[in-house]
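# Residue-level structural notes
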Amino acid sequence: MCKAATNVSGDIPTPNGMNQYERIIEILTTLFPVWVILGTIIGICKPAAVTWLETDLFTVGLGFLMLSMGLTLTFEDFRRCLRNPWTVGVGFLAQYLIKPMLGFAIAMSLKLSAPLATGLILVSCCPGGQASNVATYISKGNVALSVLMTTCSTIGAIVMTPLLTKLLAGQLVPVDAAGLAISTFQVVLVPTVVGVLANEFFPKFTSKIISVTPLIGVILTTLLCASPIGQVSEVLKAQGAQLILPVALLHAAAFALGYWVSKISFGESTSRTISIECGMQSSALGFLLAQKHFTNPLVAVPSAVSVVCMALGGSGLAVYWRNRPIPVGDKDDFKE
C-alpha cells in the first residue's frame, strides 16, 4: 500500500525497493527512444505495418494515452498546482508563448508553403506530451512538476491550441477553431478526467495497474509516432530534408529557450524540467487535428516529423543531463 501510495501522484518508480517485474517495466520504459527509432524505421520502410492506425483508431489510441496519464493523477495534484503557481505558470507560458512564437517565426523566416507553415504552427501550439515525463525522469529533473505542467497544458489546450492556431495561422489557411476545440476536448480532457476520477474513487484498482501505466504510455506513444510517419512516408522520402530542418529548429530552440529563461529564476532541476516540457509536446494530437480539420494533407506532415524530432531530441537531452549531476544545494522551487 505504501509503494502504491508513492506512485499515485504521477511519480515514475525509482529503482530502490523494486521487485524484478517492476524493474523490467522501468527498463523498458527508459528505452523509449529506442522504440521510437524502431517505429520510425518501420514507418518509413514498411508503412503498411503501422498505417492501420488511421484516424478513428488513432483517436482511440490517443484517448487511451490521455487516460493512462489521468490514472496517475489525484485531486491533490491540482491543489499542488495552486501551491506552486509561479513554477507551474512559467512552464505553461513556455508551452503557449515561447513555442508558438517560435513556430510562427521559423515558418515565416524559411518561407514555408501555407500548408506546411500551418502544420508547423499547429504542432507548436499543442500541449505537453506524456513522453516529457519519462524524459524528465531520465534527466534527473522534477518528475512531479513535469506531470503537473503536462496536466495543466493538456487542460489548457482546449482553449489555447485552437485560439493560437487561429491567431497565428488563420491568415494562411481557414482555421476551424471551434472544431479544433471540440476535438481537443473529446480526445484530451474527457479521458484525462475519467482517469483522475477512477484514481480518486477506485484507488485499489488503480494501485494494481499504476506500475505499468508508464510502459503503456511508451507503447502507445511509439505506435502514435510510427503511424504518422507511415502515413506520410512518401512525402518524407521526396522532401525529407526540407521538412526536417524547420521542425528540428523548432524543438532545438524550444529546449534552449525553455532552459535559459527558467535559469533566470529557478534552480537546475526545475530548469531541466521546464526545458523538456517546452521542447516536447503532443505531436500526435497535432497530427490528429491536422487530419480531421484541414483539407490539405501536407498540414499533417510537420506533426509527423515532429513526433520523431521531439522524441529523439528530448531523450538525447535527457541522457546528456543524466550524466551531469545536479549541483549540491540546488534551489528547491517546488513545494510538495
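Residues numbered from 1 in each chain as written. Predicted model: local features only at pLDDT ≥ 70, side-chain atom pairs only at ≥ 80, totals over all residues. Heavy atoms only, no water.

## Some thoughts on the packing of helix H3 (residues 32-45) against helix H12 (residues 213-231)
So the rule is basically this: Geometry is summarised by axes, namely lines fitted to C-alpha atoms with helices restricted to the contacting stretch, and by angles between N-to-C directions that run from 0 to 180 degrees. For the purposes of this entry, the term helix denotes a DSSP run of H or I that reaches at least four residues, the term strand denotes a run of E that reaches at least two, and both are numbered from the N terminus. Working definition: roughly parallel below 35 degrees, roughly antiparallel above 145 degrees, roughly perpendicular at 65 to 115 degrees, and oblique for all remaining angles. Left-handed is the label given to a crossing in which the near helix is rotated counterclockwise from the far helix by less than a right angle, and right-handed is the label when the rotation is clockwise. We call two residues in contact whenever any of their non-hydrogen atoms come within 4.5 Å of each other.
One way to put it is that H3 packs onto H12 with a least axis distance of 8 Å and a crossing angle of 25°. It follows that H3 is roughly parallel to H12 by the angle criterion. At the point where H3 passes H12, the crossing takes the right-handed sense. On H12, the residues touching Phe32, Trp35, Val36, Gly39, Thr40, Gly43 and Ile44 of H3 are Val218, Thr221, Thr222, Cys225, Ala226, Ile229 and Gly230.

## Side note on the packing of aromatic side chains
For clarity, the threshold we go by: To pair, rings of Phe, Tyr and Trp, with the six-membered ring standing in for Trp, must have centres within 6.5 Å; the planes then decide the type, stacked if under 30 degrees apart, edge-to-face if over 60, and tilted in the middle. Only protein chains enter the calculation, and the probe is 1.4 Å; a residue is then buried if its accessible area is under 20% of its type maximum, exposed if over 50%, and partly exposed in between.
For the coordinates displayed, the defined rule picks out four aromatic pairs. Judged by centre distance (5.0 Å) and plane angle (80°), the ring pair of Tyr259 and Trp260 falls under edge-to-face. A ring pair is formed by Tyr259 and Trp321, whose centres lie 5.3 Å apart and whose planes are at 35°; its orientation type is tilted. Linking Tyr259 in helix H13 (residues 233-263) with Trp321 in helix H16 (residues 301-322), this pair joins segments that are 62 residues apart in sequence. Classification of Tyr259 by relative accessible area gives buried; the value is 12%. Judged by relative accessible area, which is 7%, Trp321 ranks as buried. Through successive ring pairs, a cluster of aromatic residues spans Tyr259, Trp260 and Trp321.

## A look at the pattern of salt bridges
Put simply, the rule is: A carboxyl oxygen of Asp or Glu within 4 Å of a side-chain nitrogen of Lys or Arg is what we treat as a salt bridge.
This model, assessed by the stated rule, comprises two salt bridges. Two residues, Glu268 and Lys263, come together in a salt bridge whose shortest N-O distance is 3.1 Å. Overall, the relative accessible area of 8% leaves Glu268 in the buried class. Classification of Lys263 by relative accessible area gives partly exposed; the value is 32%. Residues participating in the shared-partner salt-bridge network are Lys263, Glu268 and Arg272.

## Digging into a nonpolar patch on the surface
Going by this rule: Note on patches: the residues involved have over 30% relative accessible area and no salt bridge, like charges join within 9 Å, and the nonpolar side chains Val, Leu, Ile, Met, Phe, Trp and Tyr join within 5 Å. With residues, only the protein chains shown are counted as cover, and all accessible areas are computed by Shrake-Rupley using a 1.4 Å probe.
Taken together, Ile24, Ile27, Leu28, Leu31, Val34, Ile37, Leu38, Ile41 and Leu312 make up a surface patch of nonpolar side chains, about 690 Å² in accessible area. Where the nonpolar patch is concerned, the elements lending two or more residues are helix H2 (20-30) and H3. A total of four residues in the nonpolar patch trace back to one element, the largest contributor, which is H3. Here Ile41 shows up in helix H3. Here Ile41 falls in the partly exposed class, since its relative accessible area comes to 44%.

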